Amino acid sequence: MLDELTDMVKPGITTAYLDEQAEKLIEKLGGKPNFKNYEGYPACICASVNDEIVHGIPSGKRVLREGDIISIDTGMVIEGYHSDAARTVGVGDISPECSLLIRNTRSSFFAAMKAATAGNRLYDISGAVASYIEGTGMGYGIVRELTGHGIGTDMHEKPMIPNYRKRFRGPRLRAGNTLAIEPMISMGRPEIEMLDDDWTIVTGDGSWAAHYENTILITDGYPEILSLGDKEKEMGCE
Ligand code: MF3
Ligand code: CO
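A brief look at the structure comes next.

The rules behind the values
Residues numbered from 1 in each chain as written. Chains lettered and ligands numbered in written order. Predicted model: local features only at pLDDT ≥ 70, side-chain atom pairs only at ≥ 80, totals over all residues. Heavy atoms only, no water. Helix = DSSP H or I, 4+ residues; strand = E, 2+ residues; numbered from the N terminus. Rg over C-alpha atoms; globule rule 2.2 N^0.38 Å. Buried < 20%, exposed > 50% of the residue type's maximum accessible area, 1.4 Å probe, protein only. Contact = heavy atoms within 4.5 Å. Lys, Arg positive; Asp, Glu negative; His and termini not counted. Charge placed at Lys NZ, Arg CZ, Asp CG, Glu CD. Phe/Tyr/Trp six-rings, centres within 6.5 Å; stacked < 30°, edge-to-face > 60°. Lys NZ or Arg CZ within 6 Å of the ring centre and 35° of its normal. Near = heavy atom within 4 Å. Polar contact = N/O pair within 3.5 Å; in protein donor to acceptor, adjacent residues only side chain to side chain. Areas by Shrake-Rupley, 256 points an atom, 1.4 Å probe, with all protein chains shown as cover. Nonpolar A, V, L, I, M, F, W, Y, C, P; charged D, E, K, R; others polar. Axes fitted to C-alpha atoms, helices over the stretch in contact; angles between N-to-C directions. Parallel < 35°, antiparallel > 145°, perpendicular 65-115°, else oblique. Left-handed = near helix turned anticlockwise from the far one by under 90°. Salt bridge = Lys/Arg side-chain N within 4 Å of Asp/Glu carboxyl O. Pairing = 2+ DSSP bridges. Donors = N, O, S within 2.8 Å, 3.2 Å for Na, K, Ca; no water.

**Examining the overall build of the protein chain**
Working step 1: Assigned secondary structure in the protein chain consists of five helices and 17 strands.
Working step 2: In terms of overall dimensions, the protein chain is globule-like: its C-alpha atoms have a radius of gyration of 17 Å, near the 18 Å expected for 238 residues.
Working step 3: Each principal axis of the C-alpha atoms in the protein chain carries an extent, and together these give about 50 × 45 × 35 Å.
Working step 4: Within the span of the protein chain, comprising 238 residues, buried residues form 53% of the whole.
Working step 5: Intrachain contacts of the protein chain at a sequence separation of at least 6 include 69% that bridge at least 24 residues.
Working step 6: Here the protein chain carries 24 positive and 36 negative side-chain charges, and the mean point of each set is 6 Å from the other.

**Here we look at the packing of aromatic side chains**
Working step 1: Counted by the stated rule, this structure contains five aromatic pairs.
Working step 2: Seen from their ring centres, Tyr41 and Trp199 are 4.9 Å apart, and the 80° between their planes marks the pair as edge-to-face. One end of the pair, Tyr41, is in the loop between strand 1 (32–33) and strand 2 (45–49); the other, Trp199, is in the loop between strand 13 (192–194) and strand 14 (201–203), with 158 residues separating them in the sequence.
Working step 3: One aromatic cluster is present, built from ring pairs that chain together Phe109, Phe110 and Tyr212.
Working step 4: In this structure, Lys166 is placed above the aromatic ring of Tyr123, and the distance from its NZ or CZ to the ring centre is 5.0 Å.

**Re the site of ligand 1**
Working step 1: Around ligand 1 sit 13 residues, and of these His55, Asp73, Asp84, His149 and His156 come closest.
Working step 2: One nitrogen or oxygen atom from the side chain of Asp84 is found 2.8 Å from a nitrogen atom belonging to ligand 1.
Working step 3: Within the side chain of His156, a nitrogen or oxygen atom sits 2.9 Å from an oxygen atom of ligand 1.
Working step 4: Here ligand 1, which alone exposes 340 Å², has 95% of that area covered by the protein.
Working step 5: For the shell around ligand 1, a count of residues per class yields six nonpolar, three polar and four charged.

**What about the packing of helix 3 (residues 96–113) against helix 4 (residues 122–135)?**
Two numbers describe a pair of packed helices, the interaxial angle and the distance between the axes.
Working step 1: Look at helix 3 against helix 4: their axes get within 8 Å of each other, and the N-to-C directions meet at 140°. On the basis of their axis angle, the class for helix 3 and helix 4 is oblique. As helix 3 packs across helix 4, the resulting crossing turns out to be right-handed. Contact residues: helix 3 offers Asn104, Thr105, Ser107, Ser108, Ala111 and Ala112, while helix 4 offers Ile125, Ala128, Val129, Tyr132 and Ile133.

**Digging into the pattern of salt bridges**
Working step 1: For the coordinates displayed, the defined rule picks out nine salt bridges.
Working step 2: Linking Lys231 and Asp7 is a salt bridge whose minimum nitrogen-to-oxygen distance equals 2.8 Å. Residue Lys231 is located in helix 5 (residues 230–235), and its partner Asp7 is located in helix 1 (residues 2–8); the two are separated by 224 residues in the primary sequence.
Working step 3: Its salt-bridge partner being Arg62, residue Glu52 comes within 2.8 Å of it at the nearest N-O pair. A residue pair is termed long-range when its members are at least 10 positions apart, and Glu52 in strand 3 (residues 52–54) and Arg62 in the loop between strand 3 and strand 4 (69–74) qualify at ten residues.
Working step 4: Using a relative accessible area of 10% as the deciding quantity, one classes Glu52 as buried.
Working step 5: The structure contains a network of salt bridges with shared partners spanning Arg87, Arg106 and Glu232.

**Some words on the pairing of strand 2**
Working step 1: Among the five residues of strand 2, five are classified as buried, and the element is accordingly described as predominantly covered.
Working step 2: A two-sided burial pattern is seen for strand 2, the buried positions comprising Ile45, Ala47 and Val49 on one face and Cys46 and Ser48 on the other.
Working step 3: Examined bridge by bridge, strand 2 and strand 4 share five bridges and lie antiparallel to one another. Its bridge partner lying in strand 4, Val49 is registered against Ile70.

**Structural notes on the coordination of the cobalt ion (ligand 2)**
Working step 1: Only Asp84 (OD), His149 (NE2), Glu182 (OE) and Glu213 (OE) from the protein coordinate the cobalt ion (ligand 2), and they sit 2.1 to 2.2 Å from it.
Working step 2: Sequence positions of the donors to the cobalt ion (ligand 2) reduce to the motif D-x64-H-x32-E-x30-E. Residue Asp84 is located in the loop between strand 6 (81–82) and strand 7 (85–90), and its partner Glu182 is located in the loop between strand 11 (178–181) and strand 12 (184–186); the two are separated by 98 residues in the primary sequence. As far as burial versus exposure is concerned, Asp84 and Glu182 are alike and both buried.

Shown next as structure tokens:
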């Protein structure tokens, strides 16, 4: 679904258009939207553009322009189980700085997967995201006030999974745990603000941000990444 939605991103379309297409895709795939009506949320996707980090509400007035970056975050429920995943992509040609931000945010997720093994501990995942991002030397902001989460028969389950290092390693990971891991990274400061729509989260300093998320299953080895389409697999997951 995200492969198809990200292919539709081009200058001139609106974020409401992407949401309409998402709704059709969810139905075609035999799922039910899990974002729609979640605590009153009005759409099937979150479409967060440029300095919007997450939870941007799709709108017919939000026309994508060349050079923008957009995070599409969506999920569905099938046979009682929830998915939650997000990709950030460029609209037409984007700046090298934006491409790098998107690539580094995605890579921080896969770096963290190496730590996401039964027997390791929850905040090893958090620390691995932070180490990767800090290791880029780009001075990025790691959003602290929003986290990944457990996922299963509810979209948001315990525990919260921060993207920064904690002073202890946290609970042990067990095969069969299902988690949504979602680094949110800005080009500037990590602080966030909420817009007056009470949903859209933006960076406090106006810097642009990227978001990447998958639903994963902890195993005794490398985790199973449950929300990876062909496009992601072709891009490589190292
Ligand atoms: N993927 C989002 C998150 O984990 C879920 C958004 S719920 C919605 O925060 F209601 F905002 F859509
Ligand atoms: Co999530």
